[in-house]
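# Fold and geometry: a report
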Amino acid sequence: MKLKLLVLLITISGVAMAQNKELPYYEIPEMTEAYTAGTVAARMVDALGFRFFGQVKAYVLKI
């Protein structure tokens, strides 16, 4: 019984603390000075993550 209560309290506190973090793609990172294949691909992934973040946020607010 005590173990179940301890696990429940740890889970609840972990969820409560996770609400204060900002997610990775709340904004697009600054551009780099050099253009290489790697930086262009990374920028495309950043843009995809940013758009996905925005859509999920809008969907959650709609519900």
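Placed above this text is the structure.
Bringing the overall build of the chain into the picture now. Regarding its fold elements, the chain presents 2 helices and 0 strands. Expressed as a percentage of its 63 residues, the buried residues of the chain come to 6%. In the structure as shown, the chain presents an accessible area of about 6,100 Å², 70% of it carried by carbon and sulfur atoms.

Along an α-helix, residues three or four positions apart point the same way, because every turn accommodates 3.6 residues. Under the 1.5 Å per step criterion, the end-to-end length of helix 2 (residues 37-62) is 38 Å for 26 residues, consistent within 8% with the ideal 38 Å. Inspection of helix 2 places Asp 46, Ala 47, Gly 49 and Phe 53 among the buried residues, and these make up the whole buried set.

Turning our attention to a nonpolar patch on the surface. A cluster of nonpolar side chains, contributed by Leu 3, Leu 6, Val 7 and Ile 10, occupies part of the molecular surface with about 400 Å² of accessible area. Looking at the element boundaries, Leu 3 is found in helix 1 (residues 2-18). A relative accessible area of 62% means that Leu 3 is categorised as exposed.

Turning our eyes to something else, we now look at the environment of Arg 43. Inspection of the secondary structure puts Arg 43 in helix 2. Sequence-wise, Arg 43 and Glu 30 are 13 residues apart; in three dimensions their C-alpha atoms are separated by 9.4 Å. Looking at Arg 43, its side chain comes within polar contact range of the main-chain oxygen of Pro 29, at 2.6 Å.

Relative to the assigned elements, Asp 46 resides in helix 2. With residues up to four places along the chain from it excluded, the contact list for Asp 46 reads Tyr 25 and Pro 29.

Each value, and the rule that gives it
Counting starts from 1 at the beginning of each chain's written sequence and moves along it residue by residue. Thresholds applied to this predicted model are a pLDDT of at least 70 for local features of residues and 80 or more for the giving and counting of side-chain atom pairs; totals over whole chains, interfaces and linings are not thresholded and use all residues. Side-chain metrics rest on all non-hydrogen atoms present in the structure, leaving aside hydrogens and water. For helices the rule is a DSSP run of H or I covering at least 4 residues; for strands it is a run of E covering at least 2, with both sets numbered from the N terminus onward. Here's how the labels work: a residue is buried when its accessible area is under 20% of the maximum for its type, exposed when over 50%, partly exposed in between, all with a 1.4 Å probe on protein chains only. In these tables, accessible area is a Shrake-Rupley quantity obtained with a 1.4 Å probe, and a residue counts as shielded only by the protein chains included in the view. One less than the number of residues in a helix, times 1.5 Å, gives the span that helix is expected to have. For patch building, the residue pool is restricted to those with more than 30% relative accessible area and no salt bridge; the joining distance is 9 Å between like charges and 5 Å between nonpolar side chains (Val, Leu, Ile, Met, Phe, Trp, Tyr). We count a salt bridge whenever a side-chain nitrogen from Lys or Arg sits within 4 Å of a carboxyl oxygen from Asp or Glu. Pairs of N or O atoms are called polar contacts if they sit within 3.5 Å, as long as, within protein, a hydrogen donor faces a hydrogen acceptor (for residues adjacent in sequence, only side-chain-to-side-chain pairs). Throughout, a contact is declared for two residues whenever any of their heavy atoms are within 4.5 Å.

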